[in-house]
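# Observations on the model geometry
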Amino acid sequence: MDVLIQKFGGTSLADATTRKHAIKHIQASKREGYKVVVVVSAIGRAPSPYATDSLLALVNYPNGKQSKREQDLLLSCGEIISAVVLSNELKQEGLHAIALTGAQAGLMTTDDFTAAKIKAIETDRLKDELLVNDVAVVAGFQGETATHETTTLGRGGSDTSAAALGAALDAKFIDIFTDVDGIMTADPRVVKDARTLEIASYTDICNLAYQGAKVVHPRAVEIAMKAKIPIRVRPSNGTGLGTLVTGSTDNDIEVNIPDRLITGIAHMSGITQVKIVSQEPAGLLPAQIFEAMAEASISVDFINIFPSGVMYTIPELLSEKAEKILRKLNYQPRLIHNCAKVSIVGAGMTGVPGVTAKMVQSLVNEGIEILQSADSHTTIWVLINEKDLFTAINALHQAFELNDQMIETNN
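Residues numbered from 1 in each chain as written. Predicted model: local features only at pLDDT ≥ 70, side-chain atom pairs only at ≥ 80, totals over all residues. Heavy atoms only, no water.

## Observations concerning the packing of aromatic side chains
Within the structure shown, the criterion is met by two aromatic pairs. Measuring from centroid to centroid gives 4.7 Å for F8 and F177, while their planes differ by 10 degrees, and the two rings are stacked. Highlighted residues: F8 in strand β1 (residues 3-8) and F177 in strand β9 (residues 174-178), separated in sequence by 169 residues. Of the residues examined, F177 reaches a relative accessible area of 2% and is grouped as buried. Centroid distance F290 to Y312: 5.5 Å. Interplanar angle 70 degrees. Geometry classified as edge-to-face. (Phe/Tyr/Trp six-rings, centres within 6.5 Å; stacked < 30°, edge-to-face > 60°. Helix = DSSP H or I, 4+ residues; strand = E, 2+ residues; numbered from the N terminus. Buried < 20%, exposed > 50% of the residue type's maximum accessible area, 1.4 Å probe, protein only.)

This is the structure we're talking about:
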């Protein structure tokens, strides 16, 4: 069988009209000769009754008394409802379709409730269903442990479900349908002349996703890259092919990825910078601090360690909790609230001198204070005040000429 994976997010399934767009995409793939595995998210976004956040509100999250196991039972309902609704509408259009839970589709996971990892996919039943059905609609974001407990994969888990099923079934493509035209050079809500990328590498898109671009989950990109299956990020309400995310040769498809310096700009807001200066012996301070953060389930990022102290960032929502912990340890942390991280991403910058200088100069020209910076071979990060975010992203987008259509030429 030639299998195609199609994943539809909550906004693409929000009502009968948006689901008709989804059905048209499924019908088109069937006409092309594919058996289609459709992976669905919960319908809509809060306050829609079956959206993930709406379900969490039913148990007064995060202040409810439910266990993580019970929370997963609740959250799995959203995707199951979505799968049954879409399957029913596909049947009304004359397609042979069946709805399956994640467990019925064979997704076996660890027992880390609310953040499970996929261990294996048992495809026998799914393959049997595709022999007699045109479409299998699978509830994304969920799976089952070896002891038959229901688990969820964390936010963005439906993307991960789609990629894992694509790898297990050796799919031709993994199509991620969304409410934008594809992956763009920057957030179009921030940069009016942001462009849709026609083609990009797994590495660049994965890095953009990790740095805040939310169109596709980075774990899904990693799975597809390992399996060498191209991802197409496509508009749900149109017929365009969106952005092709691929390597040079995937599934016998040869492509030329454009040679560009910078692929795109990503950002994260709602960040607090923490700086601690101490006379503790070198190495003791960061070890004690990061252990304390880990024990409190506070994720740290953007870490700089220097002889007399340490500097890092945390989510703004956890800043009060972190400060209390640090003061109990007799540290006097300096916190800068309302920060944002801006990243430029592109494999083409590797080994090219002057990229950091150009980034810094474009921000300095706008009077933007850089609070912290770091870089790798393919990404440069800066931390700035959140009030400067709009100006910073637009300045960088212009400085690196990301609105120039000529950089997207494919030979």
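Read on for the rest.
## Overview of the packing of helix α5 (residues 157-169) against helix α7 (residues 218-227)
At a minimum axis separation of 8 Å, α5 and α7 run at an interaxial angle of 10 degrees. Between α5 and α7, the interaxial angle falls into the category roughly parallel. For the pair α5 and α7, the contacting residues are D159, T160, A163, A164 and A167 in the first and R219, A220, I223 and A227 in the second. A class-by-class count of the residues in the contact of α5 with α7 yields six nonpolar, one polar and two charged. (Axes fitted to C-alpha atoms, helices over the stretch in contact; angles between N-to-C directions. Parallel < 35°, antiparallel > 145°, perpendicular 65-115°, else oblique. Contact = heavy atoms within 4.5 Å. Nonpolar A, V, L, I, M, F, W, Y, C, P; charged D, E, K, R; others polar.)

## Re the nonpolar core
Core analysis: the largest hydrophobic core is formed by 39 residues, its most contacted members being I5, V37, L165, I174, I205 and I231. Among the elements that take part in this core, α5 stands out by supplying five residues, more than any other. Other than its neighbours up to four places away in sequence, I205 contacts I183, A200, V216, V221 and V245. Core analysis: the second largest hydrophobic core is formed by 24 residues, A340, V355, I380 and F400 among them. (Core = buried A, V, L, I, M, F, W, Y, C linked by side-chain atoms within 4.5 Å.)

## Considering the layout of surface pockets
Taken as a whole, the second largest pocket encloses approximately 330 Å³ of empty space. Around the second largest pocket, the lining is made up of 18 residues, and of these A116, K117, I118, T160 and R219 lie nearest the centre. At the level of secondary structure, the elements contributing two or more residues to the lining of the second largest pocket comprise β5 (118-121), α5 and α7. Looking at the lining of the second largest pocket, the element that brings in the most residues is β5, giving four residues. Classifying every residue of the lining of the second largest pocket gives eight nonpolar, six polar and four charged. (1 Å grid on protein atoms, 1.4 Å probe; cavity = no way out; pocket = protein on both sides within 12 Å on 5 of 7 lines; lining within 4 Å. Points joined across faces, edges and corners; volume = space filled by probe spheres on them.)

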